[in-house]
Amino acid sequence: TGKRLPLHATPIRFASWMGGDRDGNPNVTAAVTTEVLLLARWQAVQLYISDLEKLKTELSMTKASSFTIPKHVQLIRSYKQLQEPLEVCYRSLCANKLDLIANGILLDTLRRLACFGVTLSKLDLRQESTRHIEALEEIISYILPQQSKYSEWTEEKKQEFLINELISKRPLISQRHKWSTETQEVLDTFEIISRQNNDEALGTYIISMTEQPSDILVVALLMKEMANGKLLPIVPLFERLKDLNCASNVIDRLLSIKTYRNLIDNKQQVMIGYSDSAKDAGQLAAAWAQYRAQEGLSEVCKKHGVALTLFHGRGGTVGRGGGPAHAAILSQPPGSVNNSIRVTEQGEMIRFKFGLPGLAVLSMEIYASAVLEATLLPMPKPKESWREEMNKLAARAHRTYNSVVRENSDFVPYFRRITPLNALSQLPLGSRPAKRKQEGGVETLRAIPWIFAWTQIRLLLPSWLGTDDAFGEFLKENPDGLDRIREMIQSWPFFRMYMDMLEMVLAKADTDIAAYYEQRLIEPNSSMQKLSESIRTRLHHIRELVLLITNQKELLESAPRLAHTIALRNPYIEPLHALQAELMQRSLDKKQEDIPADISRAMMTTMAGIAAGLRNTG
């Protein structure tokens, strides 16, 4: 347009939950969160002092206008207290035709203030819904010992109690009573909100594993009781298949509660979980559930006159919703990207996308342009026939995924045997424990180790299992099925994005490498060996189906640069697989603490090397 953005404009803003995400992580306590907040303030001060030192030497002119400088303040509590005097300087320079100087370091500093404030980024808090329920249950058992357990109440009874307490002027929680360690930690987290004298420090409160409106109302109540009247935006996170399917209904019921509406200023943020939904249901079923959830949430919020921001909890891997940002945003349901979007960048993707200034600018340009395009030129809604076909494909894929992952008694022992899962806990690849709970099977495992383990042996099972049967049966039962799938790829950005990511994953998968792990680690002619062989057969089948659907002789024929990159890296990764399989064979049936240190170090090296080589599937 030829015009600069206003000085206060922040088209892109940053937040973090490092030090605030306590979901299944006992290492993140209220004390840790407090320390992280203080460290961010200290770092911001150091950066702004550096900027101000440069400005002291550059702004040495004597010409000035008669603007009033705001009164000096000893402590910077908000960006405005630093921004206002600097903006006076800026306007004075412009008024005296010194625009060149005004638009140098001074403008850069004003832009940084608008974007980062005096806290660098807002810190989000996150906790699993069951922790809030357990804390409230203990509180209710103390004050109302004659009542049954809160967790046993109906949803209607829970909502009635929570709404009454939200409007009550009487405090609910005794500050003198000695609560259990777990409950006190939950209360201490909410108390952090009350201690912040800067509204920029904290962002939102995210509730993992949200199932019902009461899960959100519990957090509102705990915030009312412990945060001294301060209220953060509460963000429900829907991340399992059944929760995604119910998401729009939950938000509809929530927004119908007047007491809750009075708290939110007609703004609601909802987080869509990609990682756990894919682990829970398989990639195809999860992707379709995520799409339908966004459609439903957009319609519900529009009906209630509430501005919706969708928060996409994507990881770097395809199994965790990863993929090219521009295509991913444009593949969202029409109308769901309405002027804004919120996304996570996690792990190694932060370095890949923001590690160098040029890359960072490019990544931000991609996000900004995609949001503008999706807002101003939304794609048409998918045909009803496509939706019906996706319903069938997703349901069939889900059945196959469940039959292999949950119903086959050999699957969990096979998974533990053939992948380096046990060694993953020793690898510094994330901030949280590999499991939410130490007991249980695949359902308690976090999405990162689940994806990571399958990637290491080049099966990449979570990204394609189930799609093989879904596509195979669809093509067998429908004579024109091939044309119908190709039409969806050609005309529906959502389905095209899914197929592009599936093809890329299959190009990185390798049945020969997987067979080598099987040979070294699985007993011949055992039930586990038969399961392993059947999975490799499935992988070969889905590869053939994708070649047929895309009308190619080799995968990634239409993306030669990506194909060349993969081919270039494979010779460097393959020896690491051979070494890793040998190290795993030497460590069979040994406890982690009994494995020699040199073998453990070598294992970590192979895992890191394979992940780096495979990038967005690692």
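Numbering of residues begins from 1 in every chain and follows the order in which that chain's sequence is written. Restriction of local features to residues with pLDDT of at least 70 applies here, the model being predicted, together with a cutoff of 80 or more for giving and counting side-chain atom pairs; totals for whole chains, interfaces and linings are based on all residues. The basis for the side-chain values is all heavy atoms of the structure; hydrogens and waters are excluded.

A. Focus on helix α20 (residues 481-491). Note on classification: 1.4 Å probe, protein chains only; a residue is buried when its accessible area is under 20% of the maximum for its type, exposed when over 50%, partly exposed between these limits. Secondary structure follows DSSP: runs of H or I at least 4 residues long count as helices, runs of E at least 2 residues long count as strands, and numbering of each begins at the N terminus. Taken residue by residue, α20 has G481, I485, M488 and I489 as its buried positions. For α20, the arc enclosing every buried residue in end-on projection is 100°, short of the 170-degree limit, so these residues lie on one face. In α20, the exposed positions angled more than 90 degrees off the buried face are occupied by D483 and Q490. Starting at the helix axis, one direction is taken to each C-beta atom, and the arc is that of these directions.

B. Inspection of a nonpolar patch on the surface at higher detail. A contiguous nonpolar surface patch, about 260 Å² in accessible area, is contributed by L356, L359 and L362. In this fold, L356 is placed in the loop between α13 (348-354) and α14 (357-376). Here, patches come from residues exposed beyond 30% relative accessible area and free of salt bridges, joined within 9 Å for like charges and within 5 Å for nonpolar side chains (Val, Leu, Ile, Met, Phe, Trp, Tyr). The Shrake-Rupley method, run with a 1.4 Å probe, gives the accessible areas here. Residue values count only the displayed protein chains as cover. A carboxyl oxygen of Asp or Glu within 4 Å of a side-chain nitrogen of Lys or Arg is what we treat as a salt bridge.

C. Structural view of the pairing of strand β5 (residues 267-273). Burial within β5 is extensive, with six of its seven residues counted as buried. At least two DSSP bridges between two strands are required for those strands to pair. Pairing of strand β4 (residues 234-238) with β5, which is carried by two bridges, proceeds in the parallel orientation. Bridge pairing in β5 links L237 to M271. As defined by bridge partners, β5 adjoins strand β6 (residues 307-313) across seven bridges and the pair is classed as parallel. Opposite M271, over in β6, you have F311 as the bridge partner.

D. Just the sheet that holds β4, in detail. An order of β1-β2-β3-β4-β5-β6-β7 is seen for the seven strands of this open sheet, with the pairing classed as parallel. The two strands at the open ends of the sheet, each matched to only one other strand, are β1 (15-16) and β7 (342-343). Relative to strand β3 (residues 202-208), strand β2 (residues 122-128) is paired through five bridges, and the arrangement is parallel. Bridge pairing in β3 places E128 opposite S208. Sheet strands touched by helix α4 (residues 129-143): β2 and β3. Its angle to β2, the strand with the most contacts, is close to 70°. Whether two residues are in contact is decided by their heavy atoms: any pair within 4.5 Å suffices. Axis definition: a line fit to C-alpha positions, over the contact stretch in the case of helices; interaxial angles, taken between N-to-C directions, run 0 to 180 degrees.

E. Looking closely at the packing of aromatic side chains. Here a pair means two rings of Phe, Tyr or Trp (six-membered ring of Trp) with centres within 6.5 Å. Their orientation is stacked below 30 degrees between planes, edge-to-face above 60, and tilted elsewhere. Summed over all chains, the structure comprises 23 aromatic pairs. Arranged with centres 5.9 Å apart and planes meeting at 85°, the rings of W450 and W454 form a pair that is edge-to-face. Separated by four residues within a single helix, W450 and W454 lie in helix α18 (residues 447-456), roughly one turn from each other. W454 carries the same exposure label as W450, and that label is buried. Grouping aromatic residues by their ring pairs yields a cluster made of W288, Y291, W386, F471, W492, F494, F495 and Y498. A cation over an aromatic ring shows up here: R126 above the ring of W17, its NZ or CZ 4.5 Å from the ring centre. Throughout this description, the term charge over a ring refers to an Arg CZ or Lys NZ atom that lies within 6 Å of the ring centre and within 35 degrees of the ring normal. Across the ring face of F311, the terminal group of R342 is positioned such that the distance to the ring centre comes to 4.5 Å.

F. Region of the structure containing the domain arrangement of the chain. Segmenting the chain into domains produces domain 1 (26-116), domain 2 (122-376) and domain 3 (399-614). Tallying the contact residues gives 11 residues for domain 1 and 13 residues for domain 2. Buried area: the accessible area, evaluated with a 1.4 Å probe, that two parts lose upon being put together, summed over both parts. Interface of domain 1 and domain 2: buried area, both sides summed, is about 900 Å²; carbon and sulfur atoms make up 55% of it. Area buried by domain 1 at its contact with domain 2 is led by A30, L37 and R77, which between them contribute 53% of it. Pairing of N or O atoms within 3.5 Å defines a polar contact, subject to two protein rules: one partner must be a possible hydrogen donor and the other a possible acceptor, and residues neighboring in sequence count only if both atoms are side-chain atoms. In this structure, the connection of domain 1 to domain 2 is made through three residue pairs in polar contact (both at pLDDT 80 or more). Tallying contributions element by element places helix α1 (residues 30-58) first for the side of domain 1 that touches domain 2, with six residues. Of the residues that constitute the side of domain 1 that touches domain 2, the class distribution is five nonpolar, four polar and two charged. By convention here, the domain bounds are inherited from an automatic or database domain assignment. For this classification, the nonpolar set comprises Ala, Val, Leu, Ile, Met, Phe, Trp, Tyr, Cys and Pro, the charged set comprises Asp, Glu, Lys and Arg, and every other residue, Gly included, is treated as polar.

G. Structural detail: the UniProt feature "active site" (unreviewed entry) in the chain. The positions that UniProt labels "active site" (unreviewed entry) are, in the present scheme, K279. Inspection of the secondary structure assignment puts K279 in helix α10 (residues 275-281). UniProt positions are given in the numbering used here, feature names are shortened, and annotations may be inferred rather than shown by experiment.

H. Local environment of the state of the cysteines. For this text, the term disulfide refers to a pair of cysteine sulfurs within 2.5 Å. As enumerated under the stated definition, the model contains zero disulfides in all. Here C89 is not cross-linked by a disulfide; its sulfur's nearest cysteine counterpart is in C94, at 11 Å.

I. How the structure looks around the nonpolar core. Ranked by size, the top nonpolar core spans 139 residues in total, and within it F411, W450, F471 and F495 carry the most contacts. Counting residues per element, this core draws most heavily on helix α11 (residues 283-304), which supplies 10 residues. Contact partners of F495, with chain neighbours within four places excluded, come to M390, F471, I485, M488 and I489. In this description, a nonpolar core means a group of buried Ala, Val, Leu, Ile, Met, Phe, Trp, Tyr and Cys residues linked to one another through side-chain atoms lying within 4.5 Å.

J. Seen up close, the pattern of salt bridges. All told, the structure shown has 26 salt bridges when counted by the stated rule. Taken together, the shared-partner salt bridges in this structure form one network comprising R396, D468, D469, E473 and R538.

K. Spotlight on the environment of I549. Checked against the element boundaries, I549 lands in helix α23 (residues 527-550). By relative accessible area, which is 2% here, I549 ends up buried. In this structure, the C-alpha to C-alpha distance between I549 and Q159, residues 390 residues apart in sequence, is 50 Å. Those residues within four positions of I549 in sequence are excluded, and the remaining contacts are F471, L475, L482, I485, R486, I489 and M499.

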